[in-house]
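Understanding the architecture of this molecule
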Amino acid sequence: MSMSSALDTVNSLLSTLGLKVTHSFEDIYFVEHNLFIIIDSKEEGLLLLCFNQECPSDKAALAALTLYARAEELGLDLGLSGSYTLEELPGQEMKLHLHPQQTVKEEQNGHGRTH
């Protein structure tokens, strides 16, 4: 996908939530309100959804269900890619920290967060 067609695709996906991309960097699309980002996996038709760790789990679940339904309508595969945090650096720079999805086993051992 070219950069502009990928952006159009992501905005089409987000339209079901009334959101749009605020800016993008390489293959990462930052979304209004910073609840999640969309990552272009570089595999044809596969986008990855990555939630902000500060996003409440009920909002994340609702957004994910809505986005999965819209992705199906658009003929896209939408995967889940863990979570992320943003760190503010001096000079108005931001650093993105990606956190891989935890496994159920880790959560059972007390390492996961309870809701």
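Structure's up top.
Below is a short write-up of the structure. (Residues numbered from 1 in each chain as written. Predicted model: local features only at pLDDT ≥ 70, side-chain atom pairs only at ≥ 80, totals over all residues. Heavy atoms only, no water.)

Considerations on the overall build of the protein
Spelled out, the test is: Secondary structure elements follow DSSP: runs of H or I of four or more residues count as helices, runs of E of two or more count as strands, with numbering from the N terminus. When accessible area is computed with a 1.4 Å probe and restricted to protein chains, residues below 20% of their type maximum are described as buried, those above 50% as exposed, and intermediate ones as partly exposed. What makes two residues a contact is simply this: any of their non-hydrogen atoms within 4.5 Å. For the area figures, the Shrake-Rupley method with a 1.4 Å probe applies, and any residue is considered shielded solely by the protein chains shown.
From N to C terminus, the protein includes three helices and six strands. Along its sequence from the N terminus, the protein presents helices and strands in the succession α-β-β-β-β-α-β-β-α. By residue count, 31% of the 115 residues in the protein fall in the buried class. Restricting the contact set of the protein to residue pairs at least 6 apart, pairs at least 24 apart contribute 41%. Accessible area of the protein: about 7600 Å², with a carbon and sulfur share of 51%.

Here's the deal with the pattern of salt bridges
A side chain with one charge can pair with a side chain of the opposite charge if their charged atoms come near. Formally: Throughout this description, the term salt bridge denotes a Lys or Arg side-chain nitrogen within 4 Å of a carboxyl oxygen of Asp or Glu.
Throughout the structure, instances matching the rule amount to one salt bridge. Here Glu73 makes a salt bridge to Arg70, at a shortest N to O gap of 3.0 Å. You can see Glu73 and its partner Arg70 sitting in helix 2 (residues 57–74), three residues apart, about one turn around the helix.

As for the pairing of strand 2 (residues 28–31)
Put simply, the test is: Strands were regarded as paired on the criterion that DSSP finds at least two bridges between them.
Burial along strand 2 is two-sided: Ile28 and Phe30 facing one way and Tyr29 and Val31 facing the other are all buried. Note that strand 1 (residues 21–25) and strand 2 share four bridges and pair antiparallel. Counted as the bridge partner of Ser24 is Tyr29 from strand 2. In sequence, strand 1 turns back onto strand 2 through a hairpin of two residues, with Glu26 there showing a positive phi of about 55°. As judged from the three bridges shared by strand 2 and strand 3 (residues 36–40), these two strands associate in the antiparallel manner. Paired with Ile28 across the two strands is Ile39, which belongs to strand 3. The loop that links strand 2 with its antiparallel partner strand 3 comprises four residues; one of these, His33, has a positive phi angle of about 70°.

Function cannot be read off these values alone, since they describe shape.
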